[in-house]
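Structure assessment
Spelled out, the chains give:
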Amino acid sequence: MWIARVDSTCSHRRDCGAVAAWRQAAPPAPSHDRSQSLAHPKVVPRYGAWIASVAIPRISPRCRVQAGSQVNQVEASPPGTVRSRLPFPRRKRFTSSPLDVRVLITTVLPLLVGCMLGHWLPTLADTPRLHVLWVPGPLLLGWLLFTPRNQWRRCLLAACAGTVLSLLLVPLSALPRLLASLGEFTMAAVVAWLLLRWRGERAALEDYRDLTLFLLLACVLLPLCGAWWYALALGGRGDALEPAAMREFALTSSVSYLLLVPALVNLARILEAPERRHGWHWRNAGLALVLMAVLVVLWTVDWQNGVVTPLLTLAPIPLLVWTLIVFGIAGASMTLLAVAVLGMQLGLESMGPFGFWTPERNLLTGQAWTLCTGFALLFLGALSEQKLSNRIKLQRAYARLGEVTGRMLVVQEEERTRIARDLHDDVNQSLAAISIRLSTLRNHIPPAERPSVVELQDQLLSVSNDIRAISHELHPSILRFTGLASALDAFCIKRNARGRLRVRCSIEDAPHLDDEQELSLFRIVQEAVNNVDKHAQASVADVLVCVRGQNVVLRVDDDGVGILDSRLRRTPGLGLISMEERARLLAGTLHVGTSPLGGARIEVRFPLRDAAPRGTPGQ
């Protein structure tokens, strides 16, 4: 009995049911042995037809295609051939993908090292509970806000691993601190999920509503809950539940979330979008470092005059505004981070604008200044980011529009080529055949009626010449075979023979251009001369193609009435739009100005690049 082996990995259970039903309902094979059954010339076609008509329609499409193709091979094989079983696809075993090196460097390693150092740095202070920044929670929240959600598990595992490794550096109260960190990481993940859920289609921390939610959740609610959780986790220590300790930890966490999270999110946004790096240059970065050094000098000098010292709190404001204008919200956030850490650290050492009282009060004053300045800076940065985002969206929309226009121009050229070929090869040939038949007819009619046939032939020849001229104007074949100079000369000769406008063409230092550049340049000349003929009321038009440095320059001058700037800005015509799009395809610019001849000048400039070798006419 010949039975095809069907694998049990079909896509649905009904497929397996179909195969089982087929096994039960299959007609019995002859009783002789299996080798003879397989070689029998009538067995395989009968079973193959039954499989194709009964079993395969009940199997899923994926299995059906493979089974059907195998049945066709079985039926087409010659009699006496041993047939192989039907190979159905096997289910692939699930294998976990290895950790990507890029993900390891950009996600896992920074979080692991940051959380480890974040737990270790507060122990370096003279008073461990008086430290400037608390890194682990804000670092994780900032990473979650710009990381895809399918990588959140890796971020959480990396943060927990960094916390565990930090226990080797700070072994005191290891288990309570580990529990406190796990609780803070859980709350940070919840806050990140809420912020991303409520932001909609916007980027993180870009809208005023998002900023308000961030300030309420990450800078107010999360620090309070984190301080309460740390107090519970570290309850075995003597001062863990004191209100002063909880207040200091909550303020430190609030300042840390305010400083670190916007800096990380906006820095990641800049790295992902090159359009946002408009002010990130070495010159501006050097000037920012110089201004920061000046601020350090002003804050570290011991001013004897008590009036000057309080004014030092206003010294960073111009620096922050300048970085916001030049570098955007990312640069302003990083500058605020550096300024706040510097001011609070100097305050702990009784220096700078906050160093008037005890270290606890100095730190509290610096934190209050940081919170007020950070709130104002974030809202100003949101306005700047919205304008920048709208400008980037507009630029991308223009770029997409340019791509669509370029494709439309390419399709237009293809259609022009097709129409020109049809006119030249089909219509003109038909007209030639009609002319030949008229010549034959003229020889068979009386002499008195022959002049009318001759007149009809002349009209037919005129129509043929017009069609040929239209075909050459739609697709100038001379441009393809002889180059731009010959095509422009032929175009000027035809224009001069057509009407009153005199067109003079000149090419200085003929540039080496590829076929697409020459075609775009020729179309611009065509459109410009047509506009001069229709609207300029000119008698002379000069066309010049030359090379100036590394640029190719095309100028079309006329002695007509010119183009008013107000009319050009209000309603640019389709001709100007077409020329501008072709100039953009050439990676150049189009400028409309006043010509020395008294009319208008249309000038196109685009960079010169290496041209591909021109093919022979046979090619």
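Further up the page is the structure itself.
Residues numbered from 1 in each chain as written. Predicted model: local features only at pLDDT ≥ 70, side-chain atom pairs only at ≥ 80, totals over all residues. Heavy atoms only, no water.

1. Notes on the overall build of the chain
For the chain, the count of helices and strands is 20 helices and 5 strands. Within the chain, the proportion of its 619 residues that are buried is 42%. The contacts of the chain with a sequence gap of at least 6 include a subset with a gap of at least 24, amounting to 70%. As displayed, the chain has an accessible area near 34400 Å², and 62% of this comes from carbon and sulfur atoms. (Helix = DSSP H or I, 4+ residues; strand = E, 2+ residues; numbered from the N terminus. Buried < 20%, exposed > 50% of the residue type's maximum accessible area, 1.4 Å probe, protein only. Contact = heavy atoms within 4.5 Å. Areas by Shrake-Rupley, 256 points an atom, 1.4 Å probe, with all protein chains shown as cover.)

2. Describing the sheet that holds strand S2 (residues 540–548)
Taking strand neighbours across the sheet as the criterion, the 5 strands line up as S1-S2-S3-S5-S4 in an open arrangement whose pairing is mixed. Here the strands that pair on one side only, and so sit at the sheet edges, are strand S1 (502–507) and strand S4 (589–594). Geometrically, the sheet is characterised by an average inter-axis angle of 15° between neighbouring strands, direction not taken into account. Pairing of S1 with S2, which is carried by 6 bridges, proceeds in the parallel orientation. Bridging from a neighbouring strand, valine 503 pairs with alanine 541 of S2. (Pairing = 2+ DSSP bridges. Axes fitted to C-alpha atoms, helices over the stretch in contact; angles between N-to-C directions.)

3. Here we look at the pairing of strand S3 (residues 551–558)
Remark: a regular strand shows side chains that alternate across the two faces of the sheet. Counting buried positions along S3 gives 7 out of 8 residues, so the element sits mostly inside the fold. Linking two consecutive strands that pair antiparallel, namely S2 and S3, is a turn of 2 residues; a positive phi of about 70° is found at glycine 549 within it. Bridging between S3 and strand S5 (residues 600–607) involves 7 bridges; their strand directions are antiparallel. Its bridge partner being in S5, valine 556 is matched across the sheet by isoleucine 602.

4. Overview of the side chain of threonine 313
Inspection of the secondary structure assignment puts threonine 313 in the loop between helix H12 (308–311) and helix H13 (316–348). Leave out the neighbours within four places in its chain, and threonine 313 touches Pro353, Phe354 and Trp369.

5. Considerations on the nonpolar core
Counting residues in hydrophobic clusters, the biggest one holds 56 residues, and the most contacted among them are Leu140, Leu141, Leu145, Phe214 and Val261. Among the secondary structure elements, those contributing two or more residues to this core are helix H5 (101–120), helix H6 (136–146), helix H7 (152–169), helix H8 (174–198), helix H9 (208–233), helix H10 (243–272), H13 and helix H14 (359–443). Other than its neighbours up to four places away in sequence, leucine 145 contacts Ala192, Leu195, Leu196, Ala204, Val261 and Val265. (Core = buried A, V, L, I, M, F, W, Y, C linked by side-chain atoms within 4.5 Å.)

6. Structural notes on the environment of isoleucine 563
With respect to the helices and strands, isoleucine 563 occurs in the loop between S3 and helix H19 (565–570). Judged by relative accessible area, isoleucine 563 falls into the partly exposed class, the value being 37%. C-alpha of isoleucine 563 to C-alpha of glycine 593: the two residues are 30 residues apart in sequence and 7.9 Å apart in space.

7. Focus on the state of the cysteines
Summed over all chains, the structure comprises 1 disulfide. The disulfide partner of cysteine 492 is cysteine 505, and the gap between their sulfur atoms is 1.6 Å. Residue cysteine 492 is found in helix H17 (residues 484–498), and its partner cysteine 505 is found in strand S1; the two are separated by 13 residues along the sequence. We classify cysteine 492 as buried; its relative accessible area is 4%. (Disulfide = S-S within 2.5 Å.)

8. Comments concerning the packing of aromatic side chains
Per the stated rule, a full pass over the model turns up 10 aromatic pairs. Taken together, the ring pairs connect Trp134, Tyr230 and Phe249 into an aromatic cluster. A cation over an aromatic ring shows up here: arginine 149 above the ring of tryptophan 152, its NZ or CZ 5.4 Å from the ring centre. One Lys or Arg, arginine 361, reaches over the ring of tryptophan 357 and ends 4.6 Å from the middle of that ring. (Phe/Tyr/Trp six-rings, centres within 6.5 Å; stacked < 30°, edge-to-face > 60°. Lys NZ or Arg CZ within 6 Å of the ring centre and 35° of its normal.)

9. Details of the packing of H5 against H6
Axis separation between H5 and H6 bottoms out at 9 Å; the angle between their running directions is 160°. When the axes of H5 and H6 are compared, the pair comes out roughly antiparallel. Crossing geometry of H5 relative to H6 is assigned as right-handed. Along its contact with H5, which presents Thr106, Thr107, Pro110, Leu111, Gly114, Cys115, Gly118 and His119, the element H6 presents Pro136, Leu139, Leu140 and Trp143. Taken together, the residues of the contact of H5 with H6 break down into 7 nonpolar, 5 polar and no charged. (Parallel < 35°, antiparallel > 145°, perpendicular 65-115°, else oblique. Left-handed = near helix turned anticlockwise from the far one by under 90°. Nonpolar A, V, L, I, M, F, W, Y, C, P; charged D, E, K, R; others polar.)

10. Observations concerning H9
The terminal C-alpha atoms of H9, which comprises 26 residues, lie 35 Å apart, in line with the 38 Å expected from a rise of 1.5 Å per residue. Of all the bends in H9, the largest measures some 35° and sits at leucine 222, one to four residues before the proline proline 223. (Expected span 1.5 Å × (residues − 1). Bend = angle between axes of the 7 residues up to and from the residue.)

11. Regarding a nonpolar patch on the surface
Taken together, Leu287, Val290, Leu291, Val294, Val297, Leu298, Val301 and Trp303 make up a surface patch of nonpolar side chains, about 610 Å² in accessible area. Summarising the element assignment, valine 294 is placed in helix H11 (residues 282–300). (Patch = residues over 30% accessible without salt bridge, like charges linked within 9 Å, V, L, I, M, F, W, Y side chains within 5 Å. Salt bridge = Lys/Arg side-chain N within 4 Å of Asp/Glu carboxyl O.)

12. Overview of the pairing of S2
A crossover links S1 with its parallel partner S2, the connecting element being helix H18 (residues 515–536), and its sense is left-handed. Looking at chain direction, S2 and S3 are connected through 8 bridges and run antiparallel. Residue pairing across strands places leucine 544 opposite arginine 555, the latter belonging to S3. (Right-handed = clockwise from strand over helix to strand, strands pointing away.)

13. What to know about the pattern of salt bridges
According to the stated counting rule, one finds 12 salt bridges in the structure shown. In this structure, the salt-bridge partner of glutamate 385 is arginine 276, at a minimum N-O distance of 2.7 Å. Of the two residues, glutamate 385 is situated in helix H14 and arginine 276 in the loop between H10 and H11; the sequence distance between them amounts to 109 residues. On the basis of relative accessible area, glutamate 385 is assigned to the buried category, the value being 5%. The exposure class assigned to arginine 276 is buried, which follows from its relative accessible area of 10%. The partner of glutamate 508 in a salt bridge is arginine 548, with the nearest N and O atoms 3.7 Å apart. Here arginine 548 lies in strand S2 and glutamate 508 lies in the loop between S1 and H18, a separation of 40 residues in the sequence.

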